[in-house]
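Breakdown of the fold
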Amino acid sequence: FQRARADMSDDLRICDVGGAPGLLFPLIPGENAWPAGLRVVLYSLALVYFFMGVAIIADIFMDSIGMVTSRWVQTLDENKKLRTSKWWNETVATLTLMALGSSAPEIFLSVIDIIKQQFHFGQLGPSTIVGSAAFNLLVIVAVCIQVIPRGEARIIENRPAFYITATFSLLAYMWMAFILVYSSPDIVDIWEGVCTAMGLPVLVYISYKVDRGDANWVMSRLGLMKPSVDADELGDEDTAIVIFTEDAVTVEPSDEVKSIELTVALRGDTQEAEVTLAYSSSPMSAVPGYDYESVSGEIQFQPGESSKSLCITCNPRATWRNSCQFLVVMEHVSGPIKFDPASDGGEDSAISVVTLKPAAPSMVSGRDAVLRSIDRVVSLNGLRRGFADWADQARNVLYVSGSAEEQASASPADWAMHLVALPWKVIFLVIPPSTFLGGWLSFYGSLGGIAMLTACVSDFAELFGCVLHVPDIVTAVTFVALGTSMPDLFASMTAAKEDPTADASIVNVTGSNSVNVFLGLGVPWTIASIYWNVYGRTEEWERRYSEIAARIDGAVFVVESRSLGFSVLSFIVVCCVALLLLDLRRRWLGGELGGPFWPKVNAFLSFIGLWGGWVVLVSWRVIVYNGGGGREFETMILQGCAVVLLLVCLGVSMLQMKLYHRRHVTEVTVVAANAQHLAQVAMTRQATLNFKDSIRSGNSGNTEFIRTLSAENGAGHRTSTTKSPLQISEQISEEDDGIQVVPNLKDAGFDNFFEVAV
């Protein structure tokens, strides 16, 4: 491949007769002599088809990541008590494995582009990363704003995570512009590449420390987080506590099916309201379907009930099977309850660990002893389950939607999509299912598959742009960026509609944009800069970069930053405007996603307009300079139009949001005894309330803060739903700063109260 490229003239492109080939394509001899129109059609269809393959294998990759990050472990706390928790911290997993899953095509494309160019700079990879970032932030967020049902809103609950990832995504592109345009124009030094790549561990470390609560005081001083208040300070110390009567259960071995009962108890006041809890089993070393039967569902406590029982089925135990464990996790759905911080599961859930004991050593001999030794190294039941799932996967791949039942009701469109995608599904059968060996085989297999498909996409994108005489940067920020981001678009749409918050839709976008720069540019640029520093200049290098060769000694990694730098700088401006609009939507409309119809439509059109304007501006700039310049006046006119478009989108959106806020939103100070009483006030007012973060104690007058009250209490970062009003004595008085609702607290027996701004 390298010899073939070296023998070709630089004047010949990949699509020309005698031009240098790509990594894999053109594949057919004489293909470059075919009519240009025919090749445009073939290459465009190939791009679409390979984008479909990338989307399918990306789903497999994300499924394997879900299995890898679902691993549970037991550790000793400071009191020498066993605690069960996920091995992967959620924040670390999101910013590493999850971000790698969503950004893998762009990252591989950038790495492959460097390899294809023999460690020279190529426009396709970096431009795809910038174009994908613009598509993610503008198009995906615009679609997520629009798809929220009318009258509903989604708000970011994990504000520190959003502000950190948004700041890092902005800083990442500012750093990229700094090294391209100001630090060392047209040159990337080793230290610059290393610093770019090191941005990811810095982002992960800071996010991890904030997630653990180690930086709460810093976040509070910056106004990004409010210090929490004990539940006792809110007057709900009598709220019932959910516990398992046994945190750990041991099951003796048996050659018959055994059923065990776990008791869930409520401690404290159980007379207030109906309580609903969700339960589910999760494997540790035990294998569902072989060691035990999975369970999931909900249990309800009626007022006055204090305990319920769950039945778990344990399957017969082979004498060679070693000790294994699984969990039963109880989580809150609705009702005034809390979990015991001192029990396993902490404040967020209740956990009971079930241990299945092995047969006594005296009962194990011969063949079973050998199997037990193997089972210690790799779970034999886990292998049985993995092979069974693999066989089911092979059988179901021929059915529309994966099963005979779904196929029976499939539409013609479903059949068409199934037949088109069938070759990819058959090819990807070589990748083991995620249940095989903890998901790691599927993880590495699908990662390799994404790399192979991305290499094909790189060649087809270069061929497509070459035949149309379109520069690589224009192809990258349009066709390639759109194709690689389509899986993220559909995943974000689903998350926006189904999740109660906007975290999965927006925070994933800002996190992914950061990782794209840190890995997609930091890694290949570091490798390329080290390569030229070690191997030195060549005749090819001197011929390509004669001006730089004349002013420096040795060789460096040269980045032609004229067009790329402009696209990055213009994206930074658009990114700031988009983040500002999201913040204003939160302040004036009560949520980043959804909201009233016309402000929602306006935001959608503004974000799409910003993306379209950015693409046109970047494309025009590249085409003008590739054409030899001489069109400065037209460029100034276009840039002026882009600025006007930017100001119009920002101004119209801000004006409409502010007008809606002034006409339809009233700031109210609600005085209540506790969180439950606050919910009653909300229902009495017959209004949908968005609760601010500030809370003031009625006794001391000192300013305190509250984090998130549950949705059924009508507070927190979600809007409360209006139900039938409750009869509460209240006094309403008009004041300059709004309406004050003052319930008759002393008659109700409350000595303390707090105020919440809504």
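Structure's up top.
Values in this document were obtained by computation on a predicted structure and should not be read as measured data. (Residues numbered from 1 in each chain as written. Predicted model: local features only at pLDDT ≥ 70, side-chain atom pairs only at ≥ 80, totals over all residues. Heavy atoms only, no water.)

**What about the environment of Val556?**
The cut-off we apply is this: Runs of H or I in DSSP of at least four residues are treated as helices and runs of E of at least two as strands, each being numbered from the N terminus. In this analysis, two residues are considered to be in contact whenever any of their non-hydrogen atoms come within 4.5 Å of each other.
As for its placement among the helices and strands, Val556 is situated in the loop between helix H17 (546-551) and strand S14 (557-558). Along the chain, Val556 and Tyr535 lie 21 residues apart, while their C-alpha atoms are 10.0 Å from each other. Apart from residues lying up to four places away in sequence, Val556 is in contact with Ile187, Trp532, Trp541 and Ile548.

**Brief notes about the pattern of salt bridges**
Inclusion rule: Each salt bridge in this description consists of a side-chain nitrogen of Lys or Arg and a carboxyl oxygen of Asp or Glu lying within 4 Å of one another. We call a residue buried when its accessible area falls under 20% of the maximum for its residue type, exposed when it is over 50%, and partly exposed in between, using a 1.4 Å probe and counting protein chains only.
Overall, the coordinates contain 16 salt bridges when judged by the stated rule. Between Asp375 and Arg321 there is a salt bridge, with its nearest N and O atoms 2.9 Å apart. Placement of the pair is Asp375 in helix H8 (residues 367-377) and Arg321 in the loop between strand S10 (307-314) and strand S11 (324-334), with a sequence separation of 54 residues. For Arg321, a relative accessible area of 3% gives the class buried. Arg395 is the salt-bridge partner of Asp392, the closest N and O atoms lying 2.1 Å from each other. With Asp392 and Arg395 both in helix H9 (residues 380-396) and three residues apart, this pair spans about one turn of that helix. Salt bridges sharing partners connect three or more residues here, namely Asp291, Arg317, Arg321 and Asp375.

**Let's talk about the pairing of strand S13 (residues 350-356)**
Formally: One requirement defines pairing of two strands: DSSP has to find at least two bridges between them.
Across the seven residues that make up S13, a large majority, seven, are buried. Where burial is concerned, the two faces of S13 agree: the one with Ala350, Ser352, Val354 and Leu356 and the one with Ile351, Val353 and Thr355 are both buried. One ladder, built from four bridges, connects strand S6 (residues 248-251) with S13; its direction is parallel. The partner of Ala248 across the bridge, within S13, is Val353. As defined by bridge partners, S11 adjoins S13 across seven bridges and the pair is classed as antiparallel. When the sheet's bridge partners are listed, Cys324 is paired in S13 with Leu356.

**With respect to the pairing of strand S8 (residues 275-283)**
Sheet topology note: the S8/strand S9 (residues 296-301) ladder contains six bridges and is antiparallel. Residue pairing in the sheet places Ser280 in a bridge with Ser296 of S9. In this sheet, S11 lies alongside S8 in antiparallel orientation, the contact comprising eight bridges. Looking across to S11, one finds that Ser281 is bridged to Val328.

**Focus on the sheet that holds S10**
Stated formally: Every axis in this analysis is a line fitted to C-alpha atoms, fitted for helices over the stretch in contact. Angles between the N-to-C directions lie between 0 and 180 degrees.
Taken in spatial order, the four strands make up an open sheet running S10-S7-S5-S12, and their pairing is mixed. Each edge of the open sheet is held by one strand with a lone partner, namely S10 and strand S12 (337-339). Here the strands of the sheet are splayed against their neighbours by 30° on average, with no regard to which way each runs.

**Notes on the sheet that holds S9**
Read from one edge to the other, the open sheet built from five strands follows the order S6-S13-S11-S8-S9, with strand pairing classed as mixed. Of all the strands in the sheet, the pair left with one neighbour each is S6 and S9. Between one strand and the next, the sheet's axes are offset by a mean angle of 25°, whatever the strand orientation.

**A look at the state of the cysteines**
Rules: Criterion for a disulfide: a pair of cysteine sulfur atoms at a distance within 2.5 Å.
Counted by the stated rule, this structure contains one disulfide. The disulfide partner of Cys15 is Cys466, and the S-S distance across this bridge is 1.9 Å. With the S-S dihedral at roughly -65°, the linkage between Cys15 and Cys466 falls on the left-handed side. In this pair, Cys15 is assigned in the loop between helix H1 (2-7) and helix H2 (36-68) and Cys466 in helix H12 (residues 440-467), connecting sequence segments 451 residues apart. Residue Cys324 stays outside any disulfide, its sulfur separated by 9.0 Å from that of Cys314, the closest cysteine. Assessed through its relative accessible area of 1%, Cys324 is described here as buried.

**Thoughts on H8**
Note the following rule: Directions from the helix axis toward the C-beta atoms define the arc.
Buried within H8 we find Asp368, Leu371, Arg372 and Asp375. Buried residues of H8 fall within an arc of 105° about the axis and therefore sit on the same side. Opposite its buried face, H8 presents the exposed residues Val370, Arg376 and Val377, each directed more than 90 degrees away. In this structure, the buried residues of H8 make contact with H9.

**Some words on the environment of Asn602**
Position of Asn602 among the secondary structure elements: in helix H19 (residues 597-626). Taking the C-alpha atoms as reference, Asn602 lies 8.0 Å from Val652; in sequence the two are 50 residues apart.

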